[in-house]
Amino acid sequence: MKTLKTQVAIIGGGPSGLLLGQLLHKYGIDNVILERVTGDYVLGRIRAGILEQGFADLVREAGVEQRMETEGHVHEGVLFSVNGKETRVDLKKLTGGDEVVCYGQVEITQDLMEARQAANLPTYYEASNVQPHDVKSDAPYVTFTQGGEEYRLECDYIAGCDGFHGVSRQTIPADVRQEFERVYPFGWLGLLADVPPCSEELIYAKHERGFALASQRSPTRSRYYIQVPLTDKVEDWSDEAFWEELKLRLPPDVAANMQTGPSIEKSIAPLRSFVCEPMQYGNLFLVGDAAHIVPPTGAKGLNLAAGDVATLLKVLRRVYEQGDKECINQYSEIALRRVWNAERFSWWMTSMLHEFGDEGNDSAMDPQMRDRFMTSEVNYFLSSENGRRVIAEQYVGLPYEDLA
Ligand code: RFL
Ligand code: PHB
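Residues numbered from 1 in each chain as written. Chains lettered and ligands numbered in written order. Predicted model: local features only at pLDDT ≥ 70, side-chain atom pairs only at ≥ 80, totals over all residues. Heavy atoms only, no water.

(A) Quick look at the pattern of salt bridges. Scanning the model with the defined rule gives 28 salt bridges in all. Glu-385 is the salt-bridge partner of Arg-389, the closest N and O atoms lying 3.0 Å from each other. Note that Arg-389 and Glu-385 are positioned in helix H13 (residues 385–396) at a spacing of four residues, about one turn of the helix. We classify Glu-385 as partly exposed; its relative accessible area is 39%. Each of the salt bridges in this network shares a partner with another, and the network as a whole consists of Arg-67, Glu-71, Glu-107 and Asp-111. (Salt bridge = Lys/Arg side-chain N within 4 Å of Asp/Glu carboxyl O. Helix = DSSP H or I, 4+ residues; strand = E, 2+ residues; numbered from the N terminus. Buried < 20%, exposed > 50% of the residue type's maximum accessible area, 1.4 Å probe, protein only.)

Listed below in structure tokens is the structure:
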């Protein structure tokens, strides 16, 4: 067994782990990343597209912003369509200057990977049997196997950035951990295509046939989603069938001018709200999807992960720069305040904009009555400036909290 030493062991080389690693390095804190799969596999996951200003600022702080600044697109507004009727939420005006950046998760992950490689920071890809040990003690360590060799990584702290299916959360004993979960009775079928976006700004569409989202990656690459039953398989959907259904759900003038083309990627994602409390156990911290999942309707998943990274960075800087080890106990409470806010917003947007039908309607309410309430609610918020501001403030993201 080979023994390695570092200050912070990071489990998971997705966007959370990479961003944390880069920022820790910038402040002189050593870290090692252990990733289960290859870098190419990580880059094959097409996910988020919208970054909050707080996220973009962290990327700048990490010094990895060059490509985001030139290739990312600032969006000052977002469109909602309710049964074909469009309303614009002017993010910038309603929030007094905030906006979001449209730049793919794949791109930001690639930028962070390249920066890590250029700085020669240790990353173990294809690390299997990753297991944290003694996380309540002053000498935690992580064991793993790579290339037939067994390793023991000794560290001060462990950051569990290993996503929803990772090992870190399971390290917190079941009697300490409380998990909250709601699985929605539908999924999103996403399609990526090299065609110009149908709209300059994103369109979130509520339609009686189901939700649809028109998003984008660049002036020549579009990302679209439609709500589908959980029982549907990607193979059930030809590109033609997808485009046809999408057009029915978007505003007619947008659909009429939409350019279609062959898909580069097509996949179905289930929708889930999930929170694990607490997010810290001894010297182990959960970061990003390892601790919480939101349905993608509010574009909050990756942004929440960045909020955790910002908080953990403040904690670890204070530990190493000021010798204050007690401050680690603030992490979970501060992170969870932001998490529950985004969870509530994402659940609310999902509830208002999707068709629930009979299936999965878990309230005692008549499904048609629920639909009427939700249509009324979304129309109420979109028709008043105050209502649009409530949506705008949360869409651009709440500020990061400081440590006490
Ligand atoms: P990730 O990305 O899942 O990365 C975790 C990494 O850990 C590795 N791993 C392990 N490594 C070592 N040992 C183990 N035992 C391990 N187990 C797992 C995995 O291989 C992986 O590389 O979590 P992270 O870094 O916390 O990042 C979270 C984001 O990926 C996620 O929140 C977002 O993609 C969510 N999301 C969106 N977020 C936004 O902010 N805005 C959006 O517009 C947005 N759109 C989306 C989304 C997620 C989607 N899907 C598919 C769920 C759209 C979709 C369709
Ligand atoms: C995306 O572009 O993938 C995207 C954008 C906004 C969302 C979800 C996904 O709310």
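(B) Molecular detail of unusual backbone geometry. A cis amide bond links Glu-277 to the next residue, Pro-278, at an omega of -10°. Notably, Glu-126 is not glycine yet its phi reads approximately 55°, a positive angle. Secondary-structure assignment places Glu-126 in the loop between strand E9 (123–124) and strand E10 (128–133). You will see that Ala-299, though not glycine, has its phi angle at about 55°, which is positive. Counting through the fold element by element, Ala-299 comes out in the loop between strand E21 (292–293) and helix H10 (301–322).

(C) Representation of the site of ligand 1 within the structure. Among the 32 residues in the neighbourhood of ligand 1, the closest are listed as Ser-16, Glu-35, Gln-105, Asp-289 and Leu-302. Within the side chain of Asp-289, a nitrogen or oxygen atom sits 2.7 Å from an oxygen atom of ligand 1. A distance of 3.2 Å separates an oxygen atom of ligand 1 from a polar backbone atom of Ala-299. Look at ligand 1: alone it shows 1,000 Å² of surface, and the protein chains cover 88% of it. When contributions to the shell around ligand 1 are tallied by element, the ones reaching two or more residues are helix H1 (15–26) and H10. Of the residues forming the shell around ligand 1, the biggest block, three residues, is contributed by H10. Broken down by class, the residue content of the shell around ligand 1 amounts to 15 nonpolar, ten polar and seven charged. (Near = heavy atom within 4 Å. Polar contact = N/O pair within 3.5 Å; in protein donor to acceptor, adjacent residues only side chain to side chain. Areas by Shrake-Rupley, 256 points an atom, 1.4 Å probe, with all protein chains shown as cover. Nonpolar A, V, L, I, M, F, W, Y, C, P; charged D, E, K, R; others polar.)

(D) Inspection of the sheet that holds strand E15 (residues 203–206) at higher detail. Reading across from one edge, E7-E6-E15-E16-E17-E14-E18-E21 is the order of the eight strands in this open sheet, with mixed pairing throughout. Looking at which strands have only one partner, the edges of the open sheet turn out to be strand E7 (85–90) and E21. The pairing of strand E14 (residues 178–193) with strand E17 (residues 221–229) spans eight bridges and is classified as antiparallel. Across the sheet, Leu-189 pairs through a bridge with Ile-226, a residue of E17. Most of the contacts of helix H11 (residues 331–353) go to strand E18 (residues 263–277), to which it runs at about 125°, and overall it touches strand E6 (77–82), E14, E15, E18 and E21. Each of E6, E7 and E15 is contacted by helix H12 (residues 367–383), which is oriented at about 145° to E6, the strand it contacts most. (Pairing = 2+ DSSP bridges. Contact = heavy atoms within 4.5 Å. Axes fitted to C-alpha atoms, helices over the stretch in contact; angles between N-to-C directions.)

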